[in-house]
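Summary of structural features
If you want the building blocks of each chain, they are given just below.
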Amino acid sequence: MTTLQQLEHTDAFVARHIGPSDADVSAMLAVLGLDSLDQLTTQTVPADILRADPLPLPGAIPEHVALAELAGIAGKNVLARSFIGLGYHPTLTPNVILRNVTENPGWYTAYTPYQAEIAQGRLEALLNFQQMVIDMTGLELANASLLDEATAAAEAMAMARRVSKARGQVFFVDSQVLPQTFDVLKTRAAEFGFELVSGHPEEAVNHELFGALFQYPGADGEVSDLSTYIAAAQQKGAIVTVAADILALALLKSPGEMGADIAVGTTQRFGIPMGFGGPHAAYFASRDAHKRSTPGRLIGVSIDARGKRALRMALQTREQHIRREKANSNICTSQVLLANMAGFFATYHGPAGIKRIAARVHRLACLFADGVRASGGHVASQTFFDTVRVQTGAATESVLATARVAGYNLRRVDAGTVAVAFHEVATGADVVELVRFVTGKTVDVAALDARVADQFPAALKRESAYLTHPVFNSHHSETEMMRYLKKLQNRDLALDHAMIPLGSCTMKLNAASEMTPITWPAFGGVHPFAPRDQVQGYLELVDGLSEQLKAITGFDAISLQPNSGAQGEYAGLLCIRRYLDSKGQQARRICLIPTSAHGTNPASAQMMGMEVVPVACDDNGNIDVADLKAKAEQYRDTLACLMLTYPSTHGVFEAAIRDIIDTVHAHGGQVYFDGANLNALVGLVRPADIGADVSHMNLHKTFCIPHGGGGPGVGPIGMKAHLAPFAPNHAVTPIANGSEGQSAVSAAPFGSASILPISWMYIRMMGGAGLRRATQVALLSANYVARRLEGAYPILYRDANGRVAHECIVDLRPLKAETGITEVDVAKRLMDYGFHAPTMSFPVAGTIMIEPTESESRAELERFIDALLAIREEIRKVGDGEWPRDDNPLKHAPHSIADVTGEWTRPYPREQGLFPLPYVAENKFWPFVNRIDDVYGDRNLVCSCPPMSEYQ
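Residues numbered from 1 in each chain as written. Predicted model: local features only at pLDDT ≥ 70, side-chain atom pairs only at ≥ 80, totals over all residues. Heavy atoms only, no water.

Note the following rule: UniProt positions are given in the numbering used here, feature names are shortened, and annotations may be inferred rather than shown by experiment.
In the annotation of an unreviewed UniProt entry, the entry for the chain reads Glycine dehydrogenase (decarboxylating), and the organism field reads Microvirgula aerodenitrificans. Recorded under Catalytic activity (unreviewed entry), the UniProt text for the chain is reproduced unchanged: "N(6)-[(R)-lipoyl]-L-lysyl-[glycine-cleavage complex H protein] + glycine + H(+) = N(6)-[(R)-S(8)-aminomethyldihydrolipoyl]-L-lysyl-[glycine-cleavage complex H protein] + CO2". One UniProt comment on the chain, placed under Cofactor (unreviewed entry), says "pyridoxal 5'-phosphate".

Encoded structure:
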């Protein structure tokens, strides 16, 4: 008899998430000579750190139950009409973009476009984004987005110091800068040793400054011509940044026209929901002369092997790996999905549509201001775009309360003033209500509209054209836009087509049920600075996810504010530095980092003002314990921390992990645990239990937030109790976590809050036992791939039992020496077999690192293995002289649709190049271009859309 309890199948999602079936698991274990997942686990994970007890989490629940539970939480948020402003505004996401991009796995499951030949779609979308930013800001160069406006401003400050020849250490900040931006600047400046000085822009020249930041329009809504202040600061050698509202720039003179060196801001107003603070794509534009000092990623134009125009990431693509602590920034990702949405918003609306939206927003603000004046109120604002300040005197709290009861949120500026920020969603009816709140009078909007003039002088009006490129003038019907989006999607390989076995990247399933809640209005429509009693659902979500992560990691406290893995690294090191400083141990500035570490580790340490000391690794990929102990002893009085990735970036569980951690603690240091490989630990090892003091977790890896083609990400940190008081907080809306008074690392209190439901759903549906099994299957898949490939390729690192962790490194250096075939050739050839390449040349040059994850079925693993084995046979033919070293399928890979027709003079059959295995023909993915010429792209750097002549 089958009972009802068995039929309920509460853990059904576990089998949906984990690719191999029970039968597949047994077959894979048999290949390894094992009987069970537990046997594999005990052979792979050191016994002294392996957790015996189950995770203290509830059991698994079905998808529909989890969605209903989360809907109940979301329903506790109050969706008021928001007129708070301060960098966050209600907006309208065009449905054609919402359905075809935001909710489309072809866009959100792609990885950062390192393999450009199979990423031409999102690369074009990002180039469009860069062109949009260049046009709107009036500057010559823009990157492919940053994390938020506040961190973009902080990056601008750091860039100003790199570029400016001024000797002073003062960075001047306009007193009208958004308060969350100033909060983040305080954090960064303190660790860089910069002095922040705030005041009116005209006061900047009174200081020995290397840089300045002006806000346009200001936080109070005022708009002024900054040209004179910019020129005066530049005369003193300062690099001047303008933080500008991108929608306002449709009507106002651009930062470039005023002489700014850098412009930063958020593109949230271009169709991205507020989402309680994020994620949103920040923009960063600068002069062309500073392109090699620009942080983040630049998309550039190059050519392929046939001379066809092709796009690629240029310049800083891998700078953290190459330059390490000398990198411009620790930023190794951006907000690609959001940048694409913002760029598509501009593409869909075009210049006339963008100007119309901006003009309408300004018009509503003008009607409101005149309505207040006509009703006897006092408008404090003089020249404004969208934000109007009203002097409400002793009635301020009453005005705010009345508005709130009616479903409106206004901004309290001070005890006698409120501000009202208009936006795309506002209406004339809102104007009537808002005037009534502040004056008690009712106005006739139509009458106001007949007589009111615009509110900024002609000298500030924008005369220059923008969005003139054909891409912004060709897709204004929904049919054309839908087809353009589909055309770009077809050029990209994402998880909806094949596995993406990138080592150290964890490209696992992003389940539809996990993604569903992120477009719920109850999450998307909430302002990050809304009253706390209106965001109880979000606070419950934050607390619930924090408790889940505590149970998984063993830490005492969690901060969800960092909005990328690199930000998590920075925040974790910040806690360590603040803690040591509080103990009077300011001299502790040495950061030990294994040579195998991800390049963001040393870059983050440098940003924290620490001195990086490398620790050697042995021939087996482990930390050289003797070298670690020698350096810990050498720097015993100045040691701040060890940055440790576990399992190591070499893909092994190091048996000496406890000895390593104990050594650092014995010499006065803290242990920073890089959570990049947490997918190998969940349910088996808790970082805090083995001695880690702080760790960041990549929710966009282990906990199923999709990579989005290069962002968004979330990098929360877990802390032991002694570090918790030093976690980031927030100046605008303090977080009740015991770290009150500490400055922020991100613009919003909870970072990219609107995508936290993804991780909450994953953990809730998997339950503790499901999470443990997922980790065990991830270990199984990696060991299975290593075993199946070991006869054809050397597997570089294994532990004493011959096991790898959740990823394995294939060493191609011997084959390169024998045949001239490189890791790049293998990576490009995999595209012809329908796969994205594994991670190339990291952490070891000349290798590929494979991470299959638990989500890929055995059938998909076999397909990938077959591809690599077939490639090995092709390499043999090169080595045996059957094909020339410079004229073979690997050197010509990838093959594009252009190779289908025309004369064929190559020494291998056309079918061999295009359809190397039978399965390829059944579901062929065609790279849009042939191999891209990276050298040409760097020597002829173009980071904007090609001229109109190429479209004629």
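**Regarding the overall build of the chain**
Note the threshold: For helices the rule is a DSSP run of H or I covering at least 4 residues; for strands it is a run of E covering at least 2, with both sets numbered from the N terminus onward. All radius of gyration figures rest on C-alpha atoms, and the globule criterion is 2.2 Å times the number of residues raised to 0.38. To sort residues, take the accessible area from a 1.4 Å probe on protein chains only and compare it with the maximum for the residue type: under 20% means buried, over 50% means exposed, and anything in between is partly exposed. The contact rule is simple, with two residues in contact once any of their heavy atoms fall within 4.5 Å. We get accessible surface area from the Shrake-Rupley algorithm with a probe of 1.4 Å; when it comes to residues, only the shown protein chains can shield them. For the purpose of counting charges, residues Lys and Arg are taken to be positive, whereas Asp and Glu are taken to be negative. His and the chain ends are not included. Where a charge lies is defined by one atom per residue type, namely NZ (Lys), CZ (Arg), CG (Asp) and CD (Glu).
Each helix and strand counted, the chain has 32 helices and 25 strands in total. The C-alpha atoms of the chain give a radius of gyration of 28 Å, which matches the 30 Å a tight globule of 952 residues would have. Within the chain, the proportion of its 952 residues that are buried is 65%. Within the chain, contacts between residues separated by at least 24 positions form 77% of all contacts whose residues are at least 6 apart in sequence. With an accessible surface of roughly 31000 Å², the chain has 50% of that area assigned to carbon and sulfur atoms. If the 83 positive side-chain charges of the chain are averaged to one point and the 100 negative ones to another, these points end up 3 Å apart.

**Thoughts on helix α5 (residues 63–74)**
The cut-off we apply is this: To estimate how far a helix should extend, the number of its residues minus one is multiplied by 1.5 Å. Relevant arc is that of directions from the helix axis to the C-beta atoms, nothing else.
Taking 1.5 Å as the rise per residue, α5 with 12 residues should run 16 Å; its terminal C-alpha atoms sit 16 Å apart, in good agreement. Inspection of α5 places A66, L70, I73 and A74 among the buried residues, and these make up the whole buried set. All buried residues of α5 fall inside an arc of 95 degrees around its axis, so they share one side. Projecting away from the buried face of α5 at angles above 90 degrees are the exposed residues H64 and A68. At its buried positions, α5 is contacted by α19 (521–524), α20 (536–553) and α25 (756–789).

**Looking at the pairing of strand β19 (residues 639–645)**
Rule in force here: When DSSP finds two or more bridges between a pair of strands, those strands are recorded as paired. Think of it like this: strands point away, you trace from the first strand over the helix to the second, and a clockwise trace means the crossover is right-handed.
Where burial is concerned, most of β19 is hidden: seven out of the seven residues are buried. Across three bridges, strand β17 (residues 590–594) lies against β19 in parallel orientation. What sits directly across from I590, in β19, is L639. In this region the chain leaves β19, passes through helix α24 (residues 657–666) and returns to the parallel neighbour strand β20 (residues 670–675); the handedness of that crossover is right-handed.

**Here's the deal with the sheet that holds strand β15 (residues 417–421)**
The cut-off we apply is this: Axis angles are defined between N-to-C directions and span 0 to 180 degrees, where every axis is a line fitted to C-alpha atoms and, for a helix, only to the segment in contact.
Pairing is antiparallel across the open sheet formed by four strands, whose spatial order is β11-β12-β15-β14. If you trace the sheet from one side to the other, it starts and ends with β11 (378–379) and β14 (411–414), each paired once. In the sheet, β14 pairs with β15 via three bridges, with the strands oriented antiparallel. Looking across to β15, one finds that D414 is bridged to T417. In this fold helix α14 (residues 396–405) packs onto β14 and β15, with an angle of close to 170 degrees to the strand it touches most, β14.

**Remarks on the pattern of salt bridges**
To be explicit about the condition: A pair is scored as a salt bridge if a Lys or Arg side-chain nitrogen falls within 4 Å of a carboxyl oxygen belonging to Asp or Glu.
Applying the stated criterion across every chain, the model contains 46 salt bridges. One salt bridge connects R577 with D581, and the closest N-O pair in it is separated by 3.9 Å. Within this pair, R577 and its partner D581 are both found in helix α21 (residues 565–582), separated by four residues, close to a single helical turn. On the basis of relative accessibility, which here comes to 12%, the residue R577 falls in the buried class. Two residues, R906 and D899, come together in a salt bridge whose shortest N-O distance is 3.7 Å. Among the charged side chains, a network of salt bridges with common partners joins E191, R577, D581 and R589.

**Brief notes about unusual backbone geometry**
Put simply, G278 and P279 share a cis peptide bond, and its omega is 10 degrees. Cis rather than trans, the peptide bond between A893 and P894 has omega equal to -5 degrees. Topologically, P894 is positioned in the loop between α29 (889–892) and α30 (910–914). One non-glycine residue, S841, lies in the positive phi region at around 55 degrees. With respect to the secondary-structure elements, S841 resides in the loop between β24 (839–840) and β25 (847–850). According to the relative accessible area criterion, S841 is partly exposed, its value standing at 22%.

**Concerning the nonpolar core**
For soluble globular proteins, the rule of thumb is that nonpolar side chains tend to be buried together. The cut-off we apply is this: In plain words, nonpolar cores are sets of buried Ala, Val, Leu, Ile, Met, Phe, Trp, Tyr and Cys residues tied together by side-chain atoms within 4.5 Å.
Among the nonpolar cores identified, the biggest contains 240 residues, and M132, Y216, F344, F368 and F422 are the most heavily contacted of them. When residues of this core are assigned to their parent elements, the largest contribution, 21 residues, is made by helix α13 (residues 336–374). For Y216, the residues in contact, after removing those within four places along its chain, are V223, S224, L226, V242, A243, A244, D245, L249, L252, K253, M258 and L460. Among the nonpolar cores identified, the runner-up in size contains 35 residues, and A150, M157, A282 and A748 belong to it.

**Topic: the pairing of β20**
For β20, the buried fraction is high: six of the six residues fall into the buried class. By the alternation rule, side chains of β20 split into Q670, Y672 and D674 and V671, F673 and G675, which are all buried. As paired elements, β20 and strand β21 (residues 694–697) share four bridges and run parallel to each other. Residue Y672 lies in a different strand from β21, and its bridge partner there is V694.

**What to know about the sheet that holds strand β2 (residues 141–142)**
Across the sheet, which stays open at both edges, the seven strands sit in the order β2-β8-β7-β6-β5-β3-β4 with mixed pairing between neighbours. This sheet does not close on itself; its edge strands, each paired only once, are β2 and β4 (195–199). Pairing geometry for strand β7 (residues 262–266) and strand β8 (residues 282–286), over five bridges, is antiparallel. Counterpart to T266 in the pairing with β8 is A282. Helix α9 (residues 149–163) rests against β3 (170–174), β4, β5 (209–216), β6 (239–244), β7 and β8 of the sheet, and its axis sits at about 25 degrees to β8. Strands β5 and β6 of the sheet are contacted by helix α11 (residues 227–235), whose axis makes an angle of about 150 degrees with β6.

**Observations regarding the UniProt feature "domain: Glycine dehydrogenase C-terminal" (unreviewed entry) in the chain**
The sites that carry the UniProt feature "domain: Glycine dehydrogenase C-terminal" (unreviewed entry) are, in the present numbering, residues 774–895. The span residues 774–895 carries 48% helix and 8% strand; its end-to-end C-alpha distance comes to 36 Å.

**Section: the packing of helix α6 (residues 95–102) against helix α17 (residues 478–489)**
For clarity, the cut-off: Oblique is the label for any angle not under 35 degrees, not over 145, and not in the 65 to 115 range, which are roughly parallel, roughly antiparallel and roughly perpendicular in turn. Crossings are sorted by hand: turned counterclockwise from the far helix by less than a right angle, the near helix makes the crossing left-handed, and turned clockwise it makes it right-handed.
Viewed as axis vectors pointing N to C, α6 and α17 meet at an angle of 20 degrees, and their least axial separation amounts to 10 Å. It follows from the interaxial angle that α6 and α17 lie roughly parallel. Crossing hand, α6 versus α17: right-handed. Across the interface between the two elements, V96, I97, N100 and V101 from α6 touch E478, M481, M482 and L485 from α17.

**Examining the confidence of the model for the chain**
Inclusion rule: Per residue, pLDDT measures the predictor's confidence, with a range of 0 to 100.
Residues of the chain with pLDDT of at least 70 account for 97%, and the chain-wide mean is 95. Contacts for the low-pLDDT stretch residues 318–323, under 50 throughout, to residues beyond four places or in other chains number 21 contacts.

**Observations concerning the packing of aromatic side chains**
Defined as follows: Between the rings of Phe, Tyr and Trp (Trp by its six-membered ring), a pair exists once the centres lie within 6.5 Å; its type follows the angle of the planes, with under 30 degrees stacked, over 60 edge-to-face, and the other angles tilted. Here, a charge over a ring is recorded when the distance from Lys NZ or Arg CZ to the ring centre is within 6 Å and its angle to the ring normal is within 35 degrees.
Summed over all chains, the structure comprises 25 aromatic pairs. On the numbers, 5.7 Å between centres and 40 degrees between planes, the contact of F171 with F210 is tilted. Of this pair, F171 sits in strand β3 while F210 sits in strand β5, and the two are 39 residues apart along the sequence. Both residues of the pair, F171 and F210, count as buried. Taken together, the ring pairs connect F83, F368, Y408, F422 and F437 into an aromatic cluster. Note that R491 overlies the ring of F928, its terminal NZ or CZ placed 3.8 Å from the centroid.

**So, the environment of D492**
Using the following cut-off: The term polar contact refers here to a pair of N or O atoms within 3.5 Å; inside protein, the definition further demands a hydrogen-donor-capable atom paired with an acceptor-capable atom, and it admits residues adjacent in sequence only when both atoms are side-chain atoms.
Relative to the assigned elements, D492 resides in the loop between α17 and α18 (512–515). For D492 and G121, which are 371 residues apart along the polypeptide, the C-alpha to C-alpha distance reads 5.6 Å. If we ignore the near neighbours within four places in the chain, the residues touching D492 are I118, A119, Q120, G121, R122 and F925. A distance of 2.6 Å separates a polar atom in the side chain of D492 from the backbone nitrogen of G121.

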